[in-house]
Amino acid sequence: MPPLKYLSGYSPELQAQVHQLIASDRLGATLARRYPEVNEVRSDTALFDYTQALKQRYLRSSEPLAKVCFDAKLKVIQHALGTHTRASRVQGSKLKAKREIRVATLFREAPAEFLKMIVVHELAHLKELDHNKAFYQLCQHMEPNYGQLEFHLRLYLTHLELQAGGAA
């Protein structure tokens, strides 16, 4: 079996279990059973509203977001499922910052929990720029099941790649 690129940081035992699911053609069915609900967020406007609601609930005091949208240019191959950007410009004697979150378009069709995980991840970058302990604690605060969802998202990406005919 080829190596599982989305799961390379996980133990060989866990990877062997995933290989068994793939070999028995049960990976997709297992994920579909666990995450039957496709998200309702289909437009950029709906994504902005969804993100703003989460931001308002957990990060009320953080800087406002100028834009939140789906981005077809974000590719899993480039290891970017979402991005958080900060653009600063001089306006008169002040420095104005504009923040944007972009989410890969594959999340339009993804289970609702995976979209939430990506949005939570990008929102956490409003407070913590690096993927450090404080960053992951903030993710866990906004989505208590964050670690499990991240793992299942990696399984989902593996499944999508196998369906497309690529090597996982």
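Everything discussed here concerns the structure shown above.
Presented here is an overview of the structure given in this document. (Residues numbered from 1 in each chain as written. Predicted model: local features only at pLDDT ≥ 70, side-chain atom pairs only at ≥ 80, totals over all residues. Heavy atoms only, no water.)

What follows covers the overall build of the chain. When helices and strands are tallied, the chain shows six helices and three strands. For the chain, the sequential pattern of α-helices and β-strands runs α-α-α-β-β-β-α-α-α. Counting all 168 residues of the chain, 41% fall into the buried class. Across the chain, every contact between residues at least 6 apart in sequence was considered, and the portion connecting residues at least 24 apart equals 64%. (Helix = DSSP H or I, 4+ residues; strand = E, 2+ residues; numbered from the N terminus. Buried < 20%, exposed > 50% of the residue type's maximum accessible area, 1.4 Å probe, protein only. Contact = heavy atoms within 4.5 Å.)

On to the pattern of salt bridges, then. Under the counting rule described, the total for this entry stands at nine salt bridges. The closest approach of N and O atoms between lysine 98 and glutamate 100, which form a salt bridge, is 3.8 Å. Residue glutamate 150 pairs with arginine 154 through a salt bridge whose shortest N-O separation is 3.4 Å. In this pair, glutamate 150 and arginine 154 both sit in helix α6 (residues 146-163), four residues apart, roughly one turn of the helix. Here the residues in one salt-bridge network are Asp71, Lys98, Glu100 and Arg102, joined through shared partners. (Salt bridge = Lys/Arg side-chain N within 4 Å of Asp/Glu carboxyl O.)

Checked against the element boundaries, asparagine 39 lands in the loop between α2 (27-34) and α3 (44-58). Side-chain polar atoms of asparagine 39 contact the backbone nitrogen of valine 41, separated by 2.8 Å. At 2.9 Å, the side chain of asparagine 39 forms a polar contact with the backbone oxygen of alanine 110. Not counting residues up to four positions away in its chain, the partners in contact with asparagine 39 are Phe107, Arg108, Ala110, Pro111, Ala112 and Leu115. (Polar contact = N/O pair within 3.5 Å; in protein donor to acceptor, adjacent residues only side chain to side chain.)

Attention now moves to the nonpolar core. Counting residues in hydrophobic clusters, the biggest one holds 43 residues, and the most contacted among them are Phe107 and Leu123. Going through the elements one at a time, α1 (12-23), α2, α3, β1 (67-71), β3 (94-104), α4 (112-124), α5 (133-142) and α6 are the ones with two or more residues in this core. Looking at this core, the element that brings in the most residues is α4, giving eight residues. Setting aside residues no more than four positions away along its own chain, leucine 123 makes contact with Thr51, Leu54, Lys55, Leu59, Leu65, Ile101 and Met142. (Core = buried A, V, L, I, M, F, W, Y, C linked by side-chain atoms within 4.5 Å.)

Before going further, it helps to spend a moment on unusual backbone geometry. Even without being a glycine, aspartate 25 presents a positive backbone phi close to 55 degrees. Within the fold, aspartate 25 resides in the loop between α1 and α2. A relative accessible area of 70% means that aspartate 25 is categorised as exposed.

This part is about the packing of α5 against α6. Between two packed helices, what matters for the description is the angle formed by their axes and the separation of those axes. Direction vectors running N to C along α5 and α6 enclose 95 degrees, while the axes themselves pass 8 Å from each other. Considering their axes alone, α5 and α6 lie roughly perpendicular with respect to each other. Contact residues: Tyr136, Cys139 and Gln140 in α5; Tyr146, Gly147 and Glu150 in α6. Class assignment of the residues belonging to the contact of α5 with α6 gives a composition of three nonpolar, two polar and one charged. (Axes fitted to C-alpha atoms, helices over the stretch in contact; angles between N-to-C directions. Parallel < 35°, antiparallel > 145°, perpendicular 65-115°, else oblique. Nonpolar A, V, L, I, M, F, W, Y, C, P; charged D, E, K, R; others polar.)

Right, let's get into α4. Across its 13 residues, α4 extends 18 Å between first and last C-alpha, which sits within 8% of the 18 Å expected from 1.5 Å per residue. Of all 13 residues in α4, 10 are buried; the element is thus mostly enclosed. Within α4, the full set of buried residues consists of Phe114, Leu115, Met117, Ile118, Val119, Val120, His121, Glu122, Leu123 and Ala124. (Expected span 1.5 Å × (residues − 1).)

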